[in-house]
Amino acid sequence: MHFAEPLALQSGALLADYTLVYETYGQLNADKSNAVLVCHALNASHHVAGVYEGQPKNVGWWDNMVGPGKPLDTDRFFVIGVNNPGSCFGSTGPMHTNPATGKPYGASFPVVTVEDWVHAQARLADALGIRQFAAVMGGSLGGMQALSWTMLYPDRIANCLVIASTPKLTAQNIAFNDVARQAILTDPDFHDGDYYAHGVVPRNGLRVARMIGHITYLSDDDMAEKFGRDLRGTDYQFGYGIDFEIESYLRYQGDKFSEYFDANTYLLITKALDYFDPARAFNGDLAAALANTQAEFLLVSFTTDWRFAPERSREMVQALVRNDRRLTYAEIDAPHGHDAFLLDDPRYMNVVGAYYEKIWGRITGRQNDSHRKAA
Amino acid sequence: MITERFAGLRADLAFIAHWVAPGSRVLDLGCGDGAMMEYLQVDKHCSGYGVEIDDAPIPRCVQRGVSVIQQDIESGLAMFSDAAFDTVLCLSALQMMKNVEAVLRDITRVGQEAIVSFPNFAHWPHRIALLSGRMPVSDSLPYAWYDTPNLRFATISDFEELADEVGLSVLECVSLKDDGTPITFLPEWRGSLAVFRLRKK
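Residues numbered from 1 in each chain as written. Chains lettered and ligands numbered in written order. Predicted model: local features only at pLDDT ≥ 70, side-chain atom pairs only at ≥ 80, totals over all residues. Heavy atoms only, no water.

## Notes on the overall build of chain B
The number of helices and strands found in chain B is eight helices and eight strands. Relative to the globule expectation of 17 Å for 201 residues, the C-alpha radius of gyration of chain B, 16 Å, shows essentially globular dimensions. Taking the principal axes of its C-alpha atoms as reference, chain B extends roughly 45 × 35 × 35 Å. Each of the 201 residues in chain B was classed as buried or not, and the buried ones make up 52%. (Helix = DSSP H or I, 4+ residues; strand = E, 2+ residues; numbered from the N terminus. Rg over C-alpha atoms; globule rule 2.2 N^0.38 Å. Buried < 20%, exposed > 50% of the residue type's maximum accessible area, 1.4 Å probe, protein only.)

## Topic: the environment of Ser33(A)
Residue and element names in this part refer to chain A. Along the chain, serine 33 turns up in the loop between strand E5 (22-25) and strand E6 (35-39). With relative accessibility at 9%, the residue serine 33 sits in the buried group. It is 8.9 Å that separates the C-alpha atoms of serine 33 and phenylalanine 77, two residues lying 44 residues apart in sequence. A distance of 2.8 Å separates a polar atom in the side chain of serine 33 from a polar atom in the side chain of aspartate 31. (Polar contact = N/O pair within 3.5 Å; in protein donor to acceptor, adjacent residues only side chain to side chain.)

## Examining the interface of chain A and chain B
Every contact between the two is made by 21 residues of chain A and, on the other side, 19 residues of chain B. Roughly 1,700 Å² is buried in total at the junction of chain A and chain B, and carbon and sulfur atoms are behind 54% of that figure. When residues of chain A are sorted by the area they lose upon contact with chain B, Val321(A), Arg326(A) and Tyr329(A) head the list and together hold 25% of the total. Seen at the junction of chain A and chain B, the total is two salt bridges. Across the pair Asp55(B) and Arg347(A) runs a salt bridge, and its minimum N-O distance is 3.4 Å. Where chain A packs against chain B, one counts twelve residue pairs in polar contact (both at pLDDT 80 or more). Among the elements of the structure, helix H10 (310-322), strand E13 (327-332) and helix H11 (346-374) of chain A are those that each provide at least two residues to the side of chain A that touches chain B. Partitioned by chemical class, the residues of the side of chain A that touches chain B number ten nonpolar, three polar and eight charged. (Contact = heavy atoms within 4.5 Å. Buried area = accessible area lost by both parts, 1.4 Å probe. Salt bridge = Lys/Arg side-chain N within 4 Å of Asp/Glu carboxyl O. Nonpolar A, V, L, I, M, F, W, Y, C, P; charged D, E, K, R; others polar.)

## Quick look at the pairing of strand E10 (residues 135-139) of chain A
All names here are of chain A. Across the five residues that make up E10, a large majority, five, are buried. Pairing of E6 with E10 involves four bridges; the strand directions are parallel. Bridging from a neighbouring strand, leucine 37 pairs with valine 136 of E10. Bridge count for E10 against strand E11 (residues 159-163) is four bridges, and the pairing is parallel. When the bridges of E11 are listed, methionine 137 appears paired with leucine 161. (Pairing = 2+ DSSP bridges.)

## Section: the packing of aromatic side chains
Applying the stated criterion to the full structure yields 30 aromatic pairs over all chains. Relative to Tyr266(A), the ring of Phe257(A) has its centre 5.7 Å away and its plane inclined at 85°; by these criteria the two rings are edge-to-face. Each member of the pair, Phe257(A) as well as Tyr266(A), carries the same accessibility label: buried. Relative to Phe85(B), the ring of Phe80(B) lies with its centre 5.5 Å away and its plane at 70°, an arrangement referred to as edge-to-face. Phe85(B) carries the same exposure label as Phe80(B), and that label is buried. (Phe/Tyr/Trp six-rings, centres within 6.5 Å; stacked < 30°, edge-to-face > 60°.)

## Regarding the packing of helix H5 (residues 100-110) of chain B against helix H7 (residues 156-165) of chain B
All names here are of chain B. Between H5 and H7, the shortest axis-to-axis distance is 10 Å and the interhelical angle comes to 55°. By the angle between their directions, the pair H5 and H7 is classed as oblique. At the point where H5 passes H7, the crossing takes the right-handed sense. The residues of H7 that touch H5, namely those facing Val100, Glu101, Leu104 and Arg105, are Phe159, Leu162 and Glu165. (Axes fitted to C-alpha atoms, helices over the stretch in contact; angles between N-to-C directions. Parallel < 35°, antiparallel > 145°, perpendicular 65-115°, else oblique. Left-handed = near helix turned anticlockwise from the far one by under 90°.)

What follows is the structure in structure tokens.
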């Protein structure tokens, strides 16, 4: 969907004339009360669920969570997946032409924040005629967007589902992000972000960025169990090729990622992660930042997630409790680290399913009430 | 006293519910599947949170519309402010705590009043089991000694002493039979569940 009106960004810059790519699943009901927005994280897109015709391998990134009969049941809810501006999956991003210069934005694409994305998403909701979302849901960086919705548009979100997320990154997290950025920025093929004009891609930088990111998404135990010290061959190679299975796995992940992901997008999105800190404007008081929220919350964390640890979710729970907000907090003892939020765990799926069941009960209850009143 | 509205509620919970004032802010520690909180919310217009460590009952709490926080009671109460609740419930959970005294102090910190229940170790069948040289196994203590979530065993008098020490005064103490009815004659001997209503001194 094309937006001609410029989007004023938190940085003070304007994003002129942009496009948002989105996908929907299920049917919007008559009173438009069953809409759910699913926000994506670093390397995902609007393609949340299902497969495209003729592309059976291109499965939506949260297909185990979203679909007919799944925890977020598309037989009941109208689900929207939207690609955020700055991304590289169709919405206006650094690889697109800057109308002001006629050249690709490259590194001059304005730095976007979580809040900027939420404002863009709200415009999409306006265009689709959705005044209030039954729920906004996201994991990791997507969870930050869901949380941000409750503060920026308190009356437009009835339920907020924040999975494996945080109200702000820790120093360690920012450190990992900066290592990833440095890998890209110092790649000779980066060309100050204008690599499109040079017909190259800073592939090595992207690979290293992805490798370090990937390490932080897994738990130590999970890695030990999957790979241990297993060797690729039968003995040590006494060189700098691939000795261990973990090296092979990470390099493969890095290679794959560098083929489809855009380096400027990686820089932008890690900055959005780093900058997110809604309590900053309230002297670090998250409870004060959340004081105007009206939504009910489901928060889920995973015990072995050291990137966005349960402590960070507990900070949000505490701030919400201080505000007497209605909430559910589930702390799932899963072994898979941060990645657990994308995996199947019956306890996790059950609690999310139960939460949507409750939301559905409210929606249908309200409809019955209004029918009764009408009668 | 036990009205029809209590019908779905476990007998001991039904008895305890009548001690909670309508409209109270309640914290239910070890809330299980949220049955008590749901009753208090729907029928007594209370509000608040349940705390539960076990995964299994959490979805049921959600379906019931109970705000539940999955935490270990022994480490998770820091998120609640001082005197945030009118009543803190800790029902049949205290005996599973490692540090009972610290939990009771936390309960005292976050609540004005507390209702605490635990299996009465001095219930007569338990005494007989011990006299015959065996650890008691009963409806209120249904586990073998080597395979029990219960870490602490106390009598009514034992608990009174600790409550006093952590700054709680006893408003009421009742001992209940297995079917949830209160006992007036020899409660220390005949009740399987001890229930205390306490207030911050």
